[in-house]
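Close look at the chain arrangement
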Amino acid sequence: MDNCCLNDLFRKEVINIDTGNRYGFVCDVEVNVCTGRISAIILYGKNKFWGFGVREDDKRIPWEDIVVIGDETILVKMDRCTNIKPPKGRRGGMDNFFR
């Protein structure tokens, strides 16, 4: 696979190549606006407490840690994966319910 649209990237599941753990699907990307290249993929954290405004930290995986992008999965090494706090307004499925 030489080229991939962002929509196709968002449909792929991310799996750790070392442990086989599934981390979920790509939810966002980080783009270097100077070079126009993707610098990292972002996976949103899982909802806690039935989605009532609380979510685990998001995972940021640098582009260099991606080993293979397949038809349905992305295999990664989690050497430099960092947890980042979700931005306000995207904390959980019921976040807007309490406003």
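The sections below set out a description of the structure shown in this document. Residue numbers here run from 1 along each chain, matching the order of that chain's written sequence. Reporting of local features is limited, given that this is a predicted model, to residues whose pLDDT is at least 70; pairs of side-chain atoms are given and counted only at 80 or more, and all residues count toward the totals for whole chains, interfaces and linings. Here the side-chain values reflect all heavy atoms present in the structure, with hydrogen atoms and water set aside.

**As for the overall build of the protein**
Where helices and strands are cited, they refer to DSSP runs of H or I of at least four residues and of E of at least two residues respectively, numbered from the N terminus. Looking only at helices and strands, the protein features 1 helix and 10 strands. Along the protein, from the amino end to the carboxyl end, the secondary structure elements read α-β-β-β-β-β-β-β-β-β-β. Classification of residues uses two cut-offs on accessible area relative to the type maximum, computed with a 1.4 Å probe and protein chains only: under 20% is buried, over 50% is exposed, and between them is partly exposed. Across the 99 residues in the protein, those meeting the buried criterion constitute 28%. A separation threshold of at least 6 residues defines the contact pool for the protein, and within that pool the share at least 24 residues apart is 41%. When the accessible surface of the protein is summed, it comes to about 6,900 Å², and 50% of that surface belongs to carbon and sulfur atoms. Contact definition: two residues touch when any of their heavy atoms are within 4.5 Å. Note on areas: Shrake-Rupley with a 1.4 Å probe; residue coverage comes only from the protein chains shown.

**Topic: the pattern of salt bridges**
By convention in these notes, a salt bridge is any Lys or Arg side-chain nitrogen within 4 Å of a carboxyl oxygen on Asp or Glu. If you walk through the whole model with that rule in mind, you get 4 salt bridges. A salt bridge links R11 to D8, with the nearest nitrogen and oxygen atoms 3.2 Å apart. Look at D8 and you get partly exposed, because its relative accessible area is 33%. Where D18 meets K77, a salt bridge forms, and the shortest distance between an N and an O atom there is 3.2 Å. In this pair, D18 is assigned in the loop between β1 (13–16) and β2 (22–25) and K77 in the loop between β9 (73–76) and β10 (82–84), connecting sequence segments 59 residues apart.

**Let's talk about a nonpolar patch on the surface**
For patch detection, residues must exceed 30% relative accessible area and be free of salt bridges, and they are connected within 9 Å for like charges or within 5 Å for nonpolar side chains (Val, Leu, Ile, Met, Phe, Trp, Tyr). Residues I17, V67 and V68 make up a contiguous nonpolar surface patch of roughly 220 Å² in combined accessible area. Residue position: V68 is located in strand β8 (residues 66–69).

**Overview of the nonpolar core**
For our purposes a nonpolar core is just a set of buried Ala, Val, Leu, Ile, Met, Phe, Trp, Tyr and Cys residues, chained together by side-chain atoms within 4.5 Å. Counting residues in each nonpolar core, the largest one holds 11 residues, listed as L9, V14, V26, V29, I41, L43, I61, I66, I74, V76 and M78. Those elements that provide at least two residues to this core are β4 (37–43) and β9.

**What about the sheet that holds β9?**
Strand pairing follows a simple DSSP-based rule, namely that at least 2 bridges must link the two strands. As summarised here, the arrangement of the 4 strands in space is β2-β1-β9-β8, forming an open sheet in which the pairing is mixed. Strand pairing shows two members of the sheet lacking a second neighbour, β2 and β8, which therefore form its edges. Neighbour-to-neighbour, the strand axes of the sheet open up by a mean angle of 20 degrees, direction not taken into account. Bridge analysis of β1 against β9 gives 4 bridges, and the strand direction is parallel. Note that in β9 the partner of V14 across the bridge is I74. Comment: axis = line fitted to C-alpha atoms, over the contacting stretch for helices; angle = value between 0 and 180 degrees taken between N-to-C directions.

**Here we look at the environment of G24**
Secondary-structure assignment places G24 in strand β2. Considering only alpha carbons, one finds G24 and T73, 49 residues apart in sequence, at a separation of 9.9 Å. Setting aside chain neighbours within four positions, we find G24 in contact with K12, E13, V14 and L43.

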